[in-house]
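Chain residues, written in single-letter form:
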Amino acid sequence: MFQIYLPIAEMPVNIFLILGMGGVVGFLSGMFGVGGGFLMTPLLIFTGIPPAVAVATQANQTIASSISGVVAHWRRSAVDFKMGGVLMIGGVIGAVAGVYLFAYVRALGQVDLMISLSYVLFLGVIGSLMLNESVRALIAVRQGRSPASANRSHHSWIHGLPLKMRFRRSKLYISAIPPIAIGIFVGVLVAIMGVSGGFVMVPAMIYLLRMPTNVVIGTSLFQIIFVTALVTVLHAVENQAVDILLAFLLLLGGVVGAQFGARAGQKLAGEQLRALLGLIVLLVGLRLGFDLVVQPDELFSLTSAVTP
Amino acid sequence: MRLAAGILLLILAALTTRGALADQLVTDLSEHQISIRSNFTGTEILIFGAVEAEDPTNLSTERDIVVVVTGPEGPVTVRRKDRVAGIWINYDAVRFERVPSFYSVSSTRPLTRIVSMDTRTIEGLGLRHIGLGVATGLSPTGAETALQEDELKIFSQALLRNKQNQNLYRAEPSGVAFLGRSLFRATVDIPSNVPNGLYTAKVYLVSDGQISDAASAPLFVVKSGMERAIHAFAHEQPLLYGIFAVVFATFVGWAATLIFRD
């Protein structure tokens with residue numbers, strides 16, 4: 001009755017399941033202030049959506065959520081457009097390389113494995129780091145000490161690189177090579193994982209480039225709009241894996257969920273929030289890893305060249 | 001010599017007359033084109049007909065009807081997972097060149113009780129006798145390898161099993177019903193995941209274990225509806241579709257900022 005047929009994933013799904021998933025991930029992303037793509041793609045895979053479609057569709061959806069996010073930062077002029085442009089050069093290179101790698105691995109029949117492995121790796125590392133850091137902070141608070149501030153060591157080797165540019169909005173005079181390298185790395189992540197890459201981009205901007213924190217989120221969102229747009233077009237051309245109906249349903253749920261999430265987030269303490277998010281990330285990563293290790297019921301799968 | 005030729009002619013004439021007088025089929029489909037919405041839950045086609053018996057007074061002949069509906073053929077790769085370094089990954093594969101996308105066989109009785117093994121093999125009757133085309137073994141890197149007989153069997157059985165699980169291959173051993181002595185009807189389920197294209201519905205009349213007549217009819221399957229239009233757009237105009245997806249997402253993102261402006 002409430003089934004809807006996804007045209008690209010080529011499977012019927014319950015419309016409320018997809019809206020609900022969009023809502024829950026939107027709630028979490030509003031509460032924690034994160035993109036949520038790294039949770040949505042595994043959830044879509046768990047529901048049986050082909051991993052390639054989950055990744056490409058997630059990239060498409062990220063355009064919309066990044067646009068609604070960047071507007072608020074733009075009004076506060078918290079976007080470094082020049083830095084965003086340099087990051088974008090790297091992002092374009094990474095996105096093109098990533099999508100072609102994706103298409104190549106897909107032809108070998110290993111794209112599901114590549115997606116799962118990269119998620120297990122990233123969710124495992126990021127979940128552990130977040131959980132570790134927030135639990136330490138919680139213990140520190142309980143013992144009456146103030147949480148230790150992050151150690152901002154100088155990366156002098158970055159200042160020795162050529163191609164120096166002035167970034168007025170970030171009050172920086174640094175080489176263009178590190179931002180381009182970060183851009184390439186994140187571009188590849190967008191292409192093969194469908195995530196916005198904010199969880200890599202934001203720490204890299206703060207600790208590696210030493211950008212002021214108030215422009216970091218806005219600049220990251222600004223450049224990710226263009227990288228995800230490019231990835232969407234490339235995935236549509238190379239893999240025909242972008243499902244706009246699925247993206248639309250996820251957005252519908254996500255927009256509403258994010259509003260409630262943002263309100264709920266204001267009532268919780270920062271450390272508890274991060275510990276909770278770290279735990280969720282770890283569990284999703286473990287589940288994906290579990291599926292790789294356990295012997296599947298059906299060892300054989302069919303790939304048809306005829307498009308239904 | 002002349003006499004011999006004359007006798008031969010007589011025998012031939014007798015044979016052909018007998019052929020003309022043998023049991024014959026008259027069949028039709030309920031529709032020759034099924035236009036189905038992509039979100040449909042499946043539909044069914046009705047195949048009906050009548051047997052014109054050679055000798056209506058002879059009631060001892062056992063007659064059976066077999067109805068086979070096949071979909072467009074194409075190459076299919078069957079991949080097998082294996083454990084490598086502790087995780088299950090797609091390992092080796094076999095590519096079959098001409099696999100019917102859909103295959104449904106319905107009959108009045110189980111096929112094994114109607115026709116001989118030889119006939120089933122020749123005519124491709126029954127799930128185990130579907131022609132799959134040339135098979136090529138593929139190594140994990142995609143290189144062509146020699147294919148052992150037992151491996152071929154394992155992979156073709158896996159193909160059948162997967163197709164049956166997707167409801168794309170099916171056997172209905174009592175899917176054809178006789179209404180009286182000469183009229184028969186069969187309903188064939190067409191599931192939601194069938195591809196577009198030209199299908200063939202073939203009806204066999206079996207008299208006392210021998211195929212005495214066969215008739216086939218084309219059947220066009222055309223999907224319609226919004227989902228089908230999106231699918232066609234994505235595959236026929238991938239660049240435009242990608243740009244459309246970006247513009248669409250941009251619009252939704254922008255609309256969201258207007259709605260939740262506070």
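Computed from a predicted structure; not experimentally measured.

Observations concerning the overall build of chain A
Alright, step 1. Within chain A, the regular secondary structure consists of 11 helices and 5 strands.
Alright, step 2. Taking 308 residues into account, the globule formula puts the C-alpha radius of gyration at 19 Å, and chain A, at 20 Å, falls close to it.
Alright, step 3. Dimensions of chain A along its principal axes, counting C-alpha atoms only, are 55 × 45 × 40 Å.
Alright, step 4. A burial count over chain A gives 48% of its 308 residues as buried.

Quick look at the pairing of strand β8 (residues 135-138) of chain B
Residues and elements named next belong to chain B.
Alright, step 1. As paired strands, strand β6 (residues 87-100) and β8 are joined by 4 bridges and run antiparallel to one another. Bridge pairing links A93 to L138 in β8.
Alright, step 2. By the bridge criterion, 2 bridges tie β8 to strand β9 (residues 144-145) in an arrangement that is antiparallel. Looking at the pairing, G137 lines up with T145 of β9.
Alright, step 3. In this antiparallel pair of consecutive strands, β8 and β9, the connection spans 5 residues, and G142 shows a positive phi of 95°.

Notes on the interface of chain A and chain B
Alright, step 1. Each partner contributes residues to the interface: chain A has 44 residues there, and chain B has 48 residues.
Alright, step 2. Put simply, the parts of the chain that give the side of chain A that touches chain B at least two residues each are β1 (3-6), α3 (51-75), α9 (213-239), α10 (244-265), α11 (270-293) and β5 (300-304) of chain A.
Alright, step 3. Among the elements that make up the side of chain A that touches chain B, the one with the highest residue count is α3(A) (8 residues).
Alright, step 4. By the bridge criterion, 5 bridges tie β5(A) to strand β5 (residues 73-84) of chain B in an arrangement that is antiparallel. Residue pairing in the sheet places F300(A) in a bridge with R80(B) of β5(B).

Examining the environment of I182(A)
Residues and elements named next belong to chain A.
Alright, step 1. As for its placement among the helices and strands, I182 is situated in helix α7 (residues 177-193).
Alright, step 2. Between the alpha carbons of I182 and G198 there is a distance of 11 Å; along the sequence they are 16 residues apart.
Alright, step 3. Once residues within four sequence positions are removed from consideration, I182 is found in contact with L87, G90, M201 and A204.

A look at the pairing of strand β3 (residues 43-52) of chain B
All names here are of chain B.
Alright, step 1. As judged from the 6 bridges shared by strand β1 (residues 24-29) and β3, these two strands associate in the antiparallel manner. The residue of β3 that forms the bridge with Q24 is E52.
Alright, step 2. Summarising the sheet, β3 and strand β12 (residues 183-190) pair through 8 bridges and their orientation is antiparallel. Bridging from a neighbouring strand, A50 pairs with L183 of β12.

Examining the packing of α7(A) against helix α8 (residues 198-208) of chain A
Residue and element names in this part refer to chain A.
Alright, step 1. Contact geometry of α7 with α8 gives a least axis separation of 10 Å together with a crossing angle of 165°. Comparing their axes, α8 and α7 come out roughly antiparallel. Judged by the twist between their axes, the crossing of α7 over α8 is right-handed. Residues P178, I182, F185, V186 and L189 of α7 lie in contact with α8, whose contacting residues are V200, M201, A204 and L208.
Alright, step 2. A per-class count over the contact of α7 with α8 returns 9 nonpolar, no polar and no charged.

Rules of the game
Residues numbered from 1 in each chain as written. Chains lettered and ligands numbered in written order. Predicted model: local features only at pLDDT ≥ 70, side-chain atom pairs only at ≥ 80, totals over all residues. Helix = DSSP H or I, 4+ residues; strand = E, 2+ residues; numbered from the N terminus. Rg over C-alpha atoms; globule rule 2.2 N^0.38 Å. Buried ≥ 20, exposed ≤ 12 C-beta atoms within 10 Å, placed from the backbone. Pairing = 2+ DSSP bridges. Contact = placed C-beta atoms within 7 Å. Axes fitted to C-alpha atoms, helices over the stretch in contact; angles between N-to-C directions. Parallel < 35°, antiparallel > 145°, perpendicular 65-115°, else oblique. Left-handed = near helix turned anticlockwise from the far one by under 90°. Nonpolar A, V, L, I, M, F, W, Y, C, P; charged D, E, K, R; others polar.

What is shown is where atoms sit, not what they do.
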